[in-house]
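A closer look at the structure
The lines below spell out each chain.
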Amino acid sequence: MNQLVMKKGLPRNQYVYGRALTPVSLKTAPRTVIVSNRVPSPNEKGPTAGGLAVALADAITDGTVWFGWSGKRAAETSNSADIVTADGVTYATIDIGERDYTRFYNGFANGALWPLFHFRSGLLLYSRPDYEAYRAVNKAFAKALFPLLKPDDLIWIHDYQLLTLAAELRELGVVNRIGFFMHIPFVPPAMLAVLPPAAELLAGMSTCDVIGFQTEGDRVSFLECAKTFLHVKPDDAGRFAFRERQVKAVLTPIGIDADKFTALAERAELTGDAKRLNESLGERALVLGVDRLDYSKGLPQRFDAFGRLLYCFPQHLRKVAFLQIAARSRQEVGSYQALRRELDRRAGDINGEFSDFDWVPLRYMTHPVKRNAIAGFYRRARVGLVTPLRDGMNLVAKEYVAAQDPANPGVLILSRFAGAADELTEALIVNPFDADEVAESIHLALTMELPERKSRHDSLLAKVRHTTARKFCEDFLDYLANAEKV
Ligand code: ADQ
């Protein structure tokens, strides 16, 4: 059989047929077609607060096609894509109709799937018209993508907004290898059962050849769901047969370009933003949180933990400042508006209780900050506070590690419910629901001696440098290229 083989170390578009591994001309090499909900325009400037965009930015190379939503809302969802090519990458985008957007994006994707996959069934808002719009937008994606596909393209779909896209492509007769990567957590059957179209969504995913997850726990949960809802029988390697196709669930954790981020942080130390932050802090230790403003990130609990630190360990009063950067996101969804009000209140409570005329303990801002400024802030921070209640991976944890000065590194405090906790075991691992435990860990981090900080950081950095964004892409595409073509 003519297998596709990927040669490690070659640009990702250099796939070759048969056993010979000599790169073939780009004209004949299969392309990678990446599909994600949102595609940034090549001219888009400014900070992006979102893990997917950051991870793929490090991964997209010459010859790649990137297909998805333009970010523009129109009267109707478009049925063909606008194409722009820049730096060898083809960006193919469609606009989404206003009504579809509200129901698909705010409604089903972020009002039902996001809370459910973050174990928050109490926040789930399900409506059948929202789900129908979700199906319709996935279908529109398939219709607009179909004419752009070549027979050998490797199609790589990203994330929870596009769970039924592969099924729509198969409907249109696409037989290419299709992969899907789930950036957010997966849930066990008892939790997925809450969602009325659970079986249909799983069936949609299972028309792919390869399905990737951030952690082993997520992969196992998916296989359990497939057994329960699709009545399939996965083997020990996570492979199962579904509708005449072999599907494989794989573990391919996402990462960052660590060396590039370290270099960015070194340079950022000298920028105006970093200097301003430094001047405002003086000798005070910085505790830093960087997140999208999202209820999965555990921000109210984190604020409470900081309040507990000031109350239980008064030796830190006036000697520490907590900066929380929480970029506004999904503001049209009610639960996000409620979260914002909640944080305003808690920040006010803490500052009202503990501030002095020349010291404000908690600084909290909701606009995104430039990536290089964030890198410099990480490097200045004595403590990186990453305490989501649930997170697929959490790239902030990895960026914080990469940004540290190895001669005088800060300490990462990491929630056990972030996917990153599977790898980054030398961080101070906490349960984010336990404000006292988090407060004790901040105290421990602030008082930790240099040798222990260095030894923890050395191990963490080695891990962050091992599972990079590039490795994530190579591993996933390797699985996909080697999937048996039906
Ligand atoms: P996110 O939930 O967006 O991603 P995360 O992995 O932490 O979360 O990535 C956030 C990225 O955006 C980081 O690169 C960070 O620097 C940047 N960012 C965050 N807050 C910012 C702010 N206030 N201003 C500017 N930039 C900010 C989803 C999943 C994660 C998974 C990623 C990648 O929820 O679990 O790790 O996808 O798979």
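These remarks concern the structure in this document. (Residues numbered from 1 in each chain as written. Predicted model: local features only at pLDDT ≥ 70, side-chain atom pairs only at ≥ 80, totals over all residues. Heavy atoms only, no water.)

1. Section: the pattern of salt bridges
Note the threshold: What counts as a salt bridge is simple: a side-chain nitrogen of Lys or Arg found within 4 Å of a carboxyl oxygen of Asp or Glu. In this description a helix means any DSSP run of H or I spanning at least four residues, a strand means any run of E spanning at least two, and both kinds are numbered starting from the N terminus. Only protein chains enter the calculation, and the probe is 1.4 Å; a residue is then buried if its accessible area is under 20% of its type maximum, exposed if over 50%, and partly exposed in between.
Under the definition given, this model contains 31 salt bridges. Here Asp349 makes a salt bridge to Arg345, at a shortest N to O gap of 3.1 Å. Separated by four residues within a single helix, Asp349 and Arg345 lie in helix α11 (residues 334-354), roughly one turn from each other. You can call Asp349 partly exposed: its relative accessible area is 45%. Residues participating in the shared-partner salt-bridge network are Asp304, Glu342, Arg345, Arg346 and Asp349.

2. What to know about the packing of helix α13 (residues 395-403) against helix α15 (residues 450-466)
Our working rule: Between N-to-C directions, angles cover 0 to 180 degrees, with each direction set by a line fitted to C-alpha atoms, over the stretch in contact for helices. Note on angle classes: values under 35 degrees are labelled roughly parallel, values over 145 roughly antiparallel, values of 65 to 115 roughly perpendicular, and the remainder oblique. Two helices that cross are described as forming a left-handed crossing if the nearer one is turned anticlockwise from the farther one by less than a right angle, and a right-handed crossing if clockwise. Here, residues are in contact when the closest pair of their heavy atoms is within 4.5 Å. As a working rule, the residues Ala, Val, Leu, Ile, Met, Phe, Trp, Tyr, Cys and Pro are called nonpolar, Asp, Glu, Lys and Arg charged, and the rest polar, with Gly in that last group.
Two elements in contact, α13 and α15, have axes separated by 9 Å at closest approach and are oriented at 120 degrees. Comparing the axis directions of α13 and α15 gives the class oblique. Note on packing geometry: the crossing formed by α13 with α15 is left-handed. Listed contacts from α15 to Lys398, Val401 and Ala402 of α13 are His457, Leu460, Leu461 and Val464. A per-class count over the contact of α13 with α15 returns five nonpolar, one polar and one charged.

3. With respect to the sheet that holds strand β12 (residues 285-292)
Applicable threshold: Each pair of strands is called paired provided DSSP finds at least two bridges between the two strands.
An order of β14-β13-β12-β15-β16-β17 is seen for the six strands of this open sheet, with the pairing classed as parallel. Each end of this open sheet is capped by a strand with a single partner; those strands are β14 (362-365) and β17 (428-430). Along the sheet, successive strands turn relative to each other by an average axial angle of 20 degrees, direction set aside. Relative to strand β13 (residues 320-327), β12 is paired through eight bridges, and the arrangement is parallel. In the sheet register, Val287 faces β13, and the bridge partner there is Phe322. Against the sheet, helix α10 (residues 299-312) touches β12, β13, β14 and β15 (383-386), its axis set at about 175 degrees to β13.

4. Some details on the sheet that holds strand β11 (residues 245-251)
The strands that make up a sheet are held in pairs by hydrogen bonds between backbone atoms, and each pair lies either parallel or antiparallel. Spatially, the nine strands line up as an open sheet ordered β5-β6-β4-β3-β7-β8-β9-β11-β10, and their pairing is mixed. Where the open sheet ends on each side, the last strands, each with one partner, are β5 (82-86) and β10 (239-242). Neighbouring strand axes in the sheet, compared pairwise and without regard to direction, differ in orientation by 25 degrees on average. For β5 and strand β6 (residues 89-97), the ladder comprises five bridges, and the chain directions are antiparallel.

5. Notes on the pairing of strand β16 (residues 411-415)
Defined as follows: A crossover counts as right-handed when, viewed with the strands pointing away from the observer, the path leading from the first strand over the helix to the second turns clockwise.
Burial analysis of β16 places five of its five residues in the buried class, the great majority of the element. Both faces of β16 are covered, namely the face carrying Val411, Ile413 and Ser415 and the face carrying Leu412 and Leu414. Here β15 pairs with β16 via four bridges, running parallel. Considered in β16, the bridge of Val383 is made with Val411. The parallel pair β15 and β16 is bridged by α13, and the resulting crossover is right-handed. Here β16 pairs with β17 via three bridges, running parallel. Bridged to Ser415 within β17 is Val430.

6. Overview of the side chain of Asp294
Heads up, the rule is: Polar contact criterion, stated in full: a pair of N or O atoms within 3.5 Å, where within protein one must be able to donate a hydrogen and the other to accept it, and residues adjacent in sequence count only if both atoms are side-chain atoms.
Tracing the sequence through the fold places Asp294 in the loop between β12 and α10. Owing to a relative accessible area of 0%, Asp294 belongs among the buried residues under this scheme. Within polar-contact distance, the side chain of Asp294 engages the side chain of Trp114 at 3.1 Å. Within the structure, the side chain of Asp294 is placed 2.8 Å from the backbone nitrogen of Ser296, a separation counted as a polar contact.

7. Some points on the environment of His231
Looking at the element boundaries, His231 is found in the loop between α7 (216-230) and β10. With relative accessibility at 62%, the residue His231 sits in the exposed group. Sequence separation between His231 and Phe242 is eleven residues, and the spatial gap between their C-alpha atoms is 9.4 Å.

8. Focus on the side chain of Arg292
Mapped onto the elements, Arg292 comes out in strand β12. Given the relative accessible area of 15%, Arg292 is considered buried. Of the polar contacts made by the side chain of Arg292, one reaches the side chain of Ser329; its length is 3.0 Å.

9. What to know about the packing of helix α8 (residues 258-268) against helix α12 (residues 371-380)
Direction vectors running N to C along α8 and α12 enclose 80 degrees, while the axes themselves pass 8 Å from each other. Compared by their axis directions, α8 and α12 come out roughly perpendicular. Across the interface between the two elements, Phe261, Leu264, Ala265, Glu266 and Ala268 from α8 touch Arg371, Asn372, Ala375, Gly376, Tyr378 and Arg379 from α12. Class assignment for the residues of the contact of α8 with α12 results in six nonpolar, two polar and three charged.

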